[in-house]
Amino acid sequence: MTTIKLHNTKTRKREDFVPIDSDNVRMYVCGPTVYDRAHLGNARPVIVFDVLYRLLRHVYGPDHVTYVRNFTDVDDKINARAAESGRSIGEITAETTQWFLDDMAAVGALEPDHMPRATAYIPQMIEMIEGLIAKGHAYAAEGHVLFAVESYKEYGALSGRSIDDMIAGARVEVAPYKRNPMDFVLWKPSDGDTPGWDSPWGRGRPGWHIECSAMSYELLGAHFDIHGGGNDLMFPHHENEIAQSCCAHPGAGFANYWLHNEMLQVEGKKMSKSLGNFFTVRDLLDHGVPGEVIRYVMLSTHYRKPMDWTEKKADEAKRKLKSWYDLVKGVEASKASRIIIDNLAEDLNTAFTLRQLDQLAGDIVHNDKFDGQFEAGVPNAPQMARSSSELRSEFKASLQLLGLIGDEVPSWSEETAFDLSRFQRSLEAARSVAMQTKDFSGVDQIKNMLIGAGVQVQMSKEGVEVIAGPNFDPTKLEALE
Ligand code: AMP
Ligand code: ZN
């Protein structure tokens, strides 16, 4: 059996992955807060952990992996969105949840086995909070319940911080009901307009961190294998999850392996609305960037390195994928290549895996050439060790393992580029006539039509060049046909 190696944030080492129970490998990944479209950065953990999920299913069997990713559907950002838009919270979270599922399906992510919504687990959170109070790890104060960080001596171990450093670094105003400035909220009071549930501490709502502790316990148990998320969540969110879960279930261990993806940037800069480089996955899909291209670009950088989204990378990915899809059209998939599995098993080395796939594609083209010669009886043509059709089937299965193709090649890859050559010829012909007659009105007419259809026209002494621009609309050329 393949040994998967993973970099564990907890130990800061690359370790052999040994599941607690190989019949049920269990993974929890922190999911989105549902109040808006997922931005491109949000897709990174989804794609990274989808590749890990696919690899685990490949190694342990599809029925022997349980993947949980939550939806945070109670949060002050959601309340604010409801207040400013005049819409109900339920309407906003239901709509945004569906958007998220649609957009992540478009980038080839499988749905996790469980996608719990926080609001469906309030009683379990209350029960966990009561247990923490009973064990002396939490206290109620002014309608709030707070986790007492000093009651857990390992607090800060995941992110490598000490409580004293954290206090020194914190410049936030400390609420008067906190015993220690680092104590964090497990439960908080809700006023009449804010969503709330009855609890032993009055009507209120949970803090963010407790939901992941309660839902992972309900769905995966007190001890499970992998916990993942973006590295912006390491502190305080994951640190707090560990404190809550380890104190609620002493000795159980919580998650064995912690994985964190690095952040995504755009054209070398942090993605932000003020820089005008903020976009959602849907924006890209609507602008003709296929989901497979988004996925390829994400996988071309190792998940523990910062990644830069650039238009150039997207263009290259599109060309590369198209050439790969041309090789597997109508091909039946067999088993993924050993090389591909082994590379993914090295802490998800997707960047190198893509290069290996390109090598396999090159092998197929090379093989095709000699297969054809051998079959045609060309003297001295070598007989290849493996047939091209075998290689194609293995290549397709490898693409499937990475989630870069389903059963069929995507339809965008089969669209042939619109042939503009006849318009180029008409323009050239009109120009030679105009050179004689000195009447360029015919040339201008054709040229303006082309420009109106989004074609870029360049005329120089050397000749005429026409290329489809980004807003090219072939239907507008019908008048010229
Ligand atoms: P949020 O909805 O902000 O809690 O984020 C949901 C997930 O997206 C978390 O796992 C974050 O770590 C991740 N995430 C947010 N921004 C980025 C980014 N720029 N690059 C990569 N991951 C991100
Ligand atoms: Zn979480």
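Reading the values: the criteria
Residues numbered from 1 in each chain as written. Chains lettered and ligands numbered in written order. Predicted model: local features only at pLDDT ≥ 70, side-chain atom pairs only at ≥ 80, totals over all residues. Heavy atoms only, no water. Helix = DSSP H or I, 4+ residues; strand = E, 2+ residues; numbered from the N terminus. Buried < 20%, exposed > 50% of the residue type's maximum accessible area, 1.4 Å probe, protein only. Contact = heavy atoms within 4.5 Å. Areas by Shrake-Rupley, 256 points an atom, 1.4 Å probe, with all protein chains shown as cover. Pairing = 2+ DSSP bridges. Donors = N, O, S within 2.8 Å, 3.2 Å for Na, K, Ca; no water. Tetrahedral: all angles 85-135°; square planar, octahedral: opposite > 155°, others 65-115°. 1 Å grid on protein atoms, 1.4 Å probe; cavity = no way out; pocket = protein on both sides within 12 Å on 5 of 7 lines; lining within 4 Å. Points joined across faces, edges and corners; volume = space filled by probe spheres on them. Nonpolar A, V, L, I, M, F, W, Y, C, P; charged D, E, K, R; others polar. Domains from an automatic or database assignment. Expected span 1.5 Å × (residues − 1). Arc of directions from axis to C-beta. Phe/Tyr/Trp six-rings, centres within 6.5 Å; stacked < 30°, edge-to-face > 60°. Axes fitted to C-alpha atoms, helices over the stretch in contact; angles between N-to-C directions. Parallel < 35°, antiparallel > 145°, perpendicular 65-115°, else oblique. Left-handed = near helix turned anticlockwise from the far one by under 90°.

What about the overall build of the protein chain?
Then comes step 1: If you tally the helices and strands in the protein chain, you get 15 helices and 15 strands.
Then comes step 2: Its C-alpha atoms put the protein chain at 95 × 60 × 35 Å along the principal axes.
Then comes step 3: Out of the 481 residues in the protein chain, the part that is buried amounts to 49%.
Then comes step 4: Expressed as a percentage of contacts within the protein chain between residues at least 6 apart in sequence, the contacts between residues at least 24 apart total 74%.
Then comes step 5: For the protein chain, the accessible area works out to roughly 23200 Å², and carbon and sulfur atoms hold 49% of it.

Points about the sheet that holds strand E12 (residues 269–270)
Then comes step 1: Spatial ordering of the open sheet is given by E12-E11-E13, a layout of three strands whose pairing is mixed. With partners counted over all chains shown, the strands left at the sheet margins are E12 and strand E13 (307–309), one partner each.
Then comes step 2: The pairing of strand E11 (residues 264–266) with E13 spans three bridges and is classified as parallel. Of the residues in E13, the one forming a bridge with Val-266 is Trp-309.

Regarding the coordination of the zinc ion (ligand 2)
Then comes step 1: Donor atoms from the polypeptide that bind the zinc ion (ligand 2) are Cys-30 (SG), Cys-212 (SG), His-237 (NE2) and Glu-241 (OE), placed at 2.0 to 2.4 Å.
Then comes step 2: Around the zinc ion (ligand 2), the four donor atoms are arranged such that angles at the metal cover 79 to 131 degrees; this shape is classified as irregular.
Then comes step 3: Mapped onto the sequence, the residues coordinating the zinc ion (ligand 2) show the spacing C-x181-C-x24-H-x3-E. Note that His-237 and Glu-241 are positioned in helix H7 (residues 234–248) at a spacing of four residues, about one turn of the helix. An identical accessibility class is assigned to His-237 and Glu-241; each is buried.

Some thoughts on empty space enclosed by the protein
Then comes step 1: Enumeration over the complete set of coordinates arrives at four cavities of 30 Å³ or more.
Then comes step 2: Its volume calculated, the largest cavity comes out at about 60 Å³.
Then comes step 3: Residue lining of the largest cavity: Arg-44, Ile-47, Val-48, Val-51, Met-298, Leu-299, Thr-301, His-302, Tyr-303, Leu-348 and Thr-350, and that is the complete set.
Then comes step 4: Sorting the residues of the lining of the largest cavity by element identifies helix H1 (40–60) and helix H9 (291–299) as the ones contributing at least two each.
Then comes step 5: Considering every element that reaches the lining of the largest cavity, the biggest residue donor is H1, with four residues.
Then comes step 6: Split into classes, the residues belonging to the lining of the largest cavity amount to seven nonpolar, three polar and one charged.
Then comes step 7: Structurally, the lining of the largest cavity is a two-domain feature, drawing no fewer than three residues from each of domain 1 (5–261) and domain 2 (284–414).
Then comes step 8: Of the volumes computed, that of the second largest cavity is approximately 50 Å³.
Then comes step 9: The biggest single contributor to the lining of the second largest cavity is helix H3 (residues 89–106), with three residues.
Then comes step 10: Partitioning the lining of the second largest cavity into residue classes produces six nonpolar, no polar and two charged.

Regarding helix H13 (residues 388–401)
Then comes step 1: Taking 1.5 Å per residue, 14 residues should reach 20 Å; H13 reaches 20 Å between its end C-alpha atoms and fits that length.
Then comes step 2: Summarising burial for H13: 11 of the 14 residues are buried, a large majority.
Then comes step 3: Those residues of H13 that fall on the buried side of the exposure criterion are Ser-388, Leu-391, Arg-392, Ser-393, Glu-394, Phe-395, Lys-396, Ala-397, Ser-398, Leu-399 and Leu-401.
Then comes step 4: The inward-facing, buried residues of H13 contact H1, helix H10 (311–328), helix H11 (338–345) and helix H12 (350–375).
Then comes step 5: Taken from the residues just after H13, Gly-403 is the one with a positive phi, measuring 75 degrees.

Some details on the domain arrangement of the protein chain
Then comes step 1: Per the domain assignment, the segments making up the protein chain are domain 1 (5–261), domain 2 (284–414) and domain 3 (421–480).
Then comes step 2: Computed from C-alpha atoms alone, the centre-to-centre distance between domain 2 and domain 3 is 38 Å.

Overview of the pairing of strand E9 (residues 223–230)
Then comes step 1: Taking burial as the measure, the eight residues of E9 include seven buried ones, the bulk of the element.
Then comes step 2: Strand direction decides the pairing type here: strand E3 (residues 25–29) and E9, joined by three bridges, are parallel. By the bridge assignment, Met-27 is partnered in E9 with Ile-226.
Then comes step 3: As judged from the seven bridges shared by E9 and strand E10 (residues 254–261), these two strands associate in the parallel manner.

Considering helix H15 (residues 441–452)
For an α-helix the count is 3.6 residues per turn, leaving residues at separations of three or four pointing the same way.
Then comes step 1: The end-to-end C-alpha separation of H15 is 16 Å, in line with the 16 Å expected for 12 residues at 1.5 Å each.
Then comes step 2: All of the buried residues in H15 are Val-443, Ile-446 and Leu-450. Viewed along the axis of H15, the buried residues span an arc of 75 degrees, placing them on a single side of the element. Away from its buried face, by an angle of more than 90 degrees, H15 presents the exposed residues Gln-445 and Asn-448.
Then comes step 3: On its buried face, H15 sits against helix H14 (421–437), strand E14 (455–460) and strand E15 (463–468).
Then comes step 4: Where H15 ends, the next residue or the one after it, Gly-454, has phi of about 85 degrees, a positive value.

Details of the packing of aromatic side chains
Then comes step 1: Tallied over the entire structure, the rule returns 12 aromatic pairs.
Then comes step 2: Plain terms: the ring middles of Trp-187 and Trp-201 are 5.8 Å apart, the flat faces sit at 55 degrees to each other, and that makes the pair tilted. With Trp-187 in strand E7 (residues 184–189) and Trp-201 in the loop between E7 and strand E8 (204–206), this residue pair connects regions lying 14 residues apart in the sequence.
Then comes step 3: Centre to centre, the rings of Tyr-325 and Trp-412 are 5.8 Å apart; their planes meet at 70 degrees, and the pair counts as edge-to-face. With Tyr-325 in helix H10 and Trp-412 in the loop between H13 and H14, the pair connects residues that are 87 residues apart, well separated along the chain.
Then comes step 4: Among the residues examined, Tyr-325 registers a relative accessible area of 0% and is labelled buried.
Then comes step 5: Residue classification places Trp-412 among the buried residues on the basis of a relative accessible area of 15%.

A few points about the packing of helix H6 (residues 208–220) against H7
Then comes step 1: Here H6 crosses H7 at 50 degrees, and the two axes come no closer than 9 Å. By the angle between their axes, H6 is oblique relative to H7. Along this stretch, H6 crosses H7, giving a crossing that reads as right-handed. Two secondary-structure elements touch here, H6 through Trp-208, His-209, Ile-210, Cys-212 and Ser-213 and H7 through Pro-236, His-237, Asn-240, Glu-241, Gln-244 and Ser-245.
Then comes step 2: Here the contact of H6 with H7 is built from residues that sort into four nonpolar, six polar and one charged.

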